[in-house]
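Chain and residue survey
Spelled out, the chains give:
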Amino acid sequence: MLLWINGPFGGGKTQTAHEIQRRLPGSVICDPEHAGFGLRRMLPPELRGDFQDLVSWRQGVVEVLDLALAKHEGVVIAPMTVTDPRYFAETVGRLGELGHDVRHFTLLAQRETVLGRLRERGFGRLLRYVAGKDAPLRGESWAVGQLDHCLERLREPEFAEHLWTDHTTVAKTADRIAVLAGLTLTPNRDGAVRGRLRRAWTSARHIRFD
């Protein structure tokens, strides 16, 4: 089974994916973003745009996930924002056409909720303490610039199943996905402090510099 977790940048995809992986024995995360950044780094700076526009990325994601799903016995989790219906069909849709059990979920939240999460993410947290809570999100400017487009597009029916996350935790969002996918997660035994530390570590590991 493939769990594709969609949503706006800063919407909680990566945190939710890691929470599911932590509590679902045998599951693995195969992040399509890794392939995208690798392809992007191969190009001269002046040619670096959105890597999803590259046919090689879309085809490569399908090839790699097809292999993982065919050879790995556990659940495969792919946290990745895709808002273009054509690209969605060429990736998520194509994997379904190849016969895989694909479960797609879109995490949604109100704009202010996502902005708050972006402010807490990576260097945004440091910036908040140094420059004040209303400091501009310089390190997340691209994500902020894409936010309104993402929220508008991802509300469309073709990007269901929609899960609103404004008033829920990462652990509870993972639980909801598991129930909808017919999976059983191990109990969440993290306390509040341990959970915050775990999420902070996950965020730190995914800071991008390009």
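Residues numbered from 1 in each chain as written. Predicted model: local features only at pLDDT ≥ 70, side-chain atom pairs only at ≥ 80, totals over all residues. Heavy atoms only, no water.

1. Section: the overall build of the chain
What counts is decided by this rule: Under the DSSP-based scheme used, a helix requires at least four consecutive residues in state H or I and a strand at least two consecutive residues in state E, with every element numbered from the N terminus. The rule is simple: take the accessible area with a 1.4 Å probe, protein chains only, and divide by the maximum for that residue type; under 20% is buried, over 50% is exposed, in between is partly exposed. Residue contacts are counted whenever heavy atoms from the two residues lie within 4.5 Å of one another.
Looking only at helices and strands, one finds 9 helices and 5 strands in the chain. The order of helices and strands in the chain, counted from the N terminus, is β-α-β-α-α-β-α-β-α-α-α-β-α-α. Across the 210 residues in the chain, those meeting the buried criterion constitute 42%. Long-range pairs, those at least 24 residues apart, make up 77% of the contacts in the chain with a sequence separation of at least 6.

2. Observations concerning the nonpolar core
To keep things clear, this is the line we draw: The set of buried Ala, Val, Leu, Ile, Met, Phe, Trp, Tyr and Cys residues whose side-chain atoms join them within 4.5 Å is what this entry labels a nonpolar core.
Judged by nonpolar contacts, the single largest core of 32 residues is most densely connected at Leu-2, Trp-4, Leu-65, Val-76, Val-82 and Leu-95. Where this core is concerned, the elements lending two or more residues are β1 (2–6), α3 (55–71), β3 (76–79), α4 (85–97), β4 (102–108), α5 (111–120) and α7 (141–154). Not counting residues up to four positions away in its chain, the partners in contact with Trp-4 are Pro-32, Val-61, Leu-65, Ala-78, Met-80, Val-82, Thr-91, Val-92, Leu-95, Arg-103, His-104 and Phe-105.

3. Observations concerning the pairing of β4
Note the following rule: We call two strands paired when DSSP finds no fewer than two bridges between them.
In terms of burial, β4 is a largely internal element, 6 of the 7 residues being buried. With 5 bridges joining them, β1 and β4 adopt parallel strand pairing. Across the sheet, Leu-3 pairs through a bridge with Arg-103, a residue of β4. Examined bridge by bridge, β4 and strand β5 (residues 162–164) share 3 bridges and lie parallel to one another. When the bridges of β5 are listed, Leu-107 appears paired with Leu-163.

4. Focus on the packing of α3 against α4
To keep it simple, the criterion reads: In this description, a line fitted to the C-alpha atoms serves as the axis of each element, helices being fitted only across the stretch in contact, and the angle between N-to-C directions of two axes falls anywhere from 0 to 180 degrees. Here the word oblique covers every angle except those under 35 degrees (roughly parallel), over 145 (roughly antiparallel) and from 65 to 115 (roughly perpendicular). Handedness of each helix crossing follows the sense of rotation of the near helix against the far helix: counterclockwise by less than a right angle gives left-handed, clockwise gives right-handed. All amino acids are sorted into three groups, where Ala, Val, Leu, Ile, Met, Phe, Trp, Tyr, Cys and Pro are nonpolar, Asp, Glu, Lys and Arg are charged, and the leftover types, Gly among them, are polar.
As a packed pair, α3 and α4 sit with axes 9 Å apart at the nearest point and diverge in direction by 15°. Of the possible angle classes, the one that applies to α3 and α4 is roughly parallel. The hand of the α3/α4 crossing is right-handed. Along its contact with α3, which presents Trp-57, Arg-58, Val-62, Leu-65, Asp-66 and Leu-69, the element α4 presents Tyr-87, Glu-90, Thr-91, Arg-94 and Leu-95. Of the residues in the contact of α3 with α4, the class split is 6 nonpolar, 1 polar and 4 charged.

5. Side note on the pattern of salt bridges
Where we set the bar: When a carboxyl oxygen of Asp or Glu is within 4 Å of a side-chain nitrogen of Lys or Arg, the pair counts as a salt bridge.
Under the definition given, this model contains 10 salt bridges. Across the pair Glu-19 and Arg-22 runs a salt bridge whose closest N-O atoms are separated by 2.9 Å. Taken as a pair, Glu-19 and Arg-22 lie in helix α1 (residues 13–23) at a separation of 3 residues, close to a single helical turn. Residue class for Arg-22 comes out partly exposed when judged on its relative accessible area of 29%.

6. Some remarks on the environment of His-100
Here His-100 is to be found in the loop between α4 and β4. With relative accessibility at 18%, the residue His-100 sits in the buried group.

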